[in-house]
Amino acid sequence: MTKTLLHFNFKGGVGKTTVSVMDTFLLDRMGKKTLLIDLDPQANATEIISTTFNKQIEPVVSLYQGLLNGDISNSIVKVTDNLDVAPAEWSLSLFPSQVEKVSAFNRNLILRQILEPIKDKYDYIILDVPPTLSVFTNNAMLASDYVFLVLQTQRQAYTSILKTAKYMYQLREDYKAKFELAGVLLYLVKRSAKTDTEISKSAKQEFGDIVMTNPVWQQERVKVFGDEGIKDTGYWDKKALNMYNLTLHEELHRIGDD
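The model shown is predicted, which means the values in this text are computed figures rather than measured ones. (Residues numbered from 1 in each chain as written. Predicted model: local features only at pLDDT ≥ 70, side-chain atom pairs only at ≥ 80, totals over all residues. Heavy atoms only, no water.)

Caption draft 1: Just unusual backbone geometry, in detail. At A43, a residue that is not glycine, the phi angle is positive and equals roughly 60°. A positive phi angle, near 65°, is found at S192, a position not held by glycine. Its location among the elements puts S192 in the loop between strand 7 (180-189) and helix 8 (194-207). Residue classification places S192 among the exposed residues on the basis of a relative accessible area of 77%. (Helix = DSSP H or I, 4+ residues; strand = E, 2+ residues; numbered from the N terminus. Buried < 20%, exposed > 50% of the residue type's maximum accessible area, 1.4 Å probe, protein only.)

This is how it looks when you write it as structure tokens:
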């Protein structure tokens, strides 16, 4: 049964795109049929995948046009035998204004409806969205089965994640949706740093067992992956990949798949 995952936080620069791409990369290596849908007009997730696999990701129909048409099947590009990507590009930024004529309630359900006829082709669908309150955010949440909140251990990121959780629960109630908050991932944690320790403690007090056991520790290699693509050729590559692999397996465990 296909499961749709979203990593999110209202605050930008907290690592949600990197986590989404790393999960996508590792699921592909595990032989899982995976679709990454990049709903962020900045297209960072698309760029990392393109660089990692040294492949131009150019769909027959843009994702923007596919969303407007109600059919994204021709917006999906095969990257490997197991990995497909629906890439983002700048025209996606026009989407919110184009759906203003759709009722406020229904415009947030467009993606969920579009995914229905194609989702059974995949084990996992991973959604990446811009770090804003928008029609992209609402559509992604309501199309998801599980949401993981990404918390970089900084004060502003923590206050942001509290607002994110509150908004998420209200949206779920308004739409009688069934997506679950499956985990809070502590991200780029510095060992023994005062602020990081305090934020981690506050998160565990607020969210309890929802805070994931395996954090992503501060590593320079993580930035390299974002700039140069994901590699598995050296010691630091393998160390970083092992860290993300632990995180992924905990995510899968939390959704009943590992």
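Caption draft 2: The arrangement of the environment of D258 in detail. Tracing the backbone shows D258 in the segment after helix 10 (235-254). Look at D258 and you get exposed, because its relative accessible area is 51%. In sequence terms D258 and F25 are 233 residues apart; their C-alpha atoms lie 17 Å from each other. Leave out the neighbours within four places in its chain, and D258 touches H249, L252 and H253. (Contact = heavy atoms within 4.5 Å.)

Caption draft 3: Quick look at the sheet that holds strand 7. Reading across the sheet, the eight strands line up as 3-4-2-5-1-6-7-8 and stay open at both edges, with mixed pairing between neighbours. Taken across any chain shown, the strands that pair with only one partner, and hence form the sheet edges, are strand 3 (77-78) and strand 8 (216-217). Relative to strand 6 (residues 146-152), strand 1 (residues 3-8) is paired through four bridges, and the arrangement is parallel. Residue F8 lies in a different strand from strand 6, and its bridge partner there is L149. Contacting strand 6 and strand 7, helix 8 runs over the sheet at an angle of about 170° to strand 7. (Pairing = 2+ DSSP bridges. Axes fitted to C-alpha atoms, helices over the stretch in contact; angles between N-to-C directions.)

Caption draft 4: Region of interest: the layout of surface pockets. Approximately 280 Å³ is the volume found for the second largest pocket. Along the walls of the second largest pocket sit 17 residues, with K119, S144, D145, K178 and F179 positioned nearest its centre. When contributions to the lining of the second largest pocket are tallied by element, the ones reaching two or more residues are helix 5 (110-115) and helix 6 (135-143). Within the lining of the second largest pocket, the residues separate by chemical class into seven nonpolar, two polar and eight charged. (1 Å grid on protein atoms, 1.4 Å probe; cavity = no way out; pocket = protein on both sides within 12 Å on 5 of 7 lines; lining within 4 Å. Points joined across faces, edges and corners; volume = space filled by probe spheres on them. Nonpolar A, V, L, I, M, F, W, Y, C, P; charged D, E, K, R; others polar.)

Caption draft 5: Molecular detail of the packing of aromatic side chains. This structure, assessed with the given rule, holds seven aromatic pairs. Ring centres of F8 and F10 lie 5.5 Å apart, and the angle between their planes is 80°; on these two criteria the pair is classed as edge-to-face. By relative accessible area, F8 is classed as buried at 0%. When its relative accessible area of 18% is taken as the criterion, F10 is described as buried. Three or more aromatic residues joined by ring pairs form one cluster here, namely F8, F10 and Y167. Taking the ring centre of W217 as reference, the NZ or CZ of R191 above it sits at 3.8 Å. (Phe/Tyr/Trp six-rings, centres within 6.5 Å; stacked < 30°, edge-to-face > 60°. Lys NZ or Arg CZ within 6 Å of the ring centre and 35° of its normal.)

Caption draft 6: Representation of the pattern of salt bridges. In this structure the tally under the stated criterion is 10 salt bridges. Of the charged contacts in the structure, one is a salt bridge between D237 and R221, with a shortest N-O distance of 3.3 Å. Of this pair, D237 sits in helix 10 while R221 sits in helix 9 (residues 220-228), placing them 16 residues apart in sequence. Since its relative accessible area comes to 4%, D237 is described here as buried. One salt-bridge network, in which partners are shared between bridges, spans R29, D232 and K238. (Salt bridge = Lys/Arg side-chain N within 4 Å of Asp/Glu carboxyl O.)

Caption draft 7: Quick look at the pairing of strand 2 (residues 34-38). With five of its five residues buried, strand 2 lies for the most part within the structure. A two-sided burial pattern is seen for strand 2, the buried positions comprising T34, L36 and D38 on one face and L35 and I37 on the other. Here strand 2 pairs with strand 4 (residues 83-86) via four bridges, running parallel. Bridged to I37 within strand 4 is A86.

Caption draft 8: Fine view of the packing of helix 1 (residues 16-29) against helix 10. Where helix 1 meets helix 10, the closest approach of the two axes is 10 Å, and the angle between their N-to-C directions is 85°. Compared by their axis directions, helix 1 and helix 10 come out roughly perpendicular. Packed against helix 1, whose contacting residues are T18, V19, M22, D23, F25, L26, L27 and R29, the element helix 10 presents L241, Y244, N245, L248, E251 and L252 at the interface. In the contact of helix 1 with helix 10, the residues fall into nine nonpolar, two polar and three charged. (Parallel < 35°, antiparallel > 145°, perpendicular 65-115°, else oblique.)

So far we have only geometry, and geometry alone does not tell us how the molecule works.
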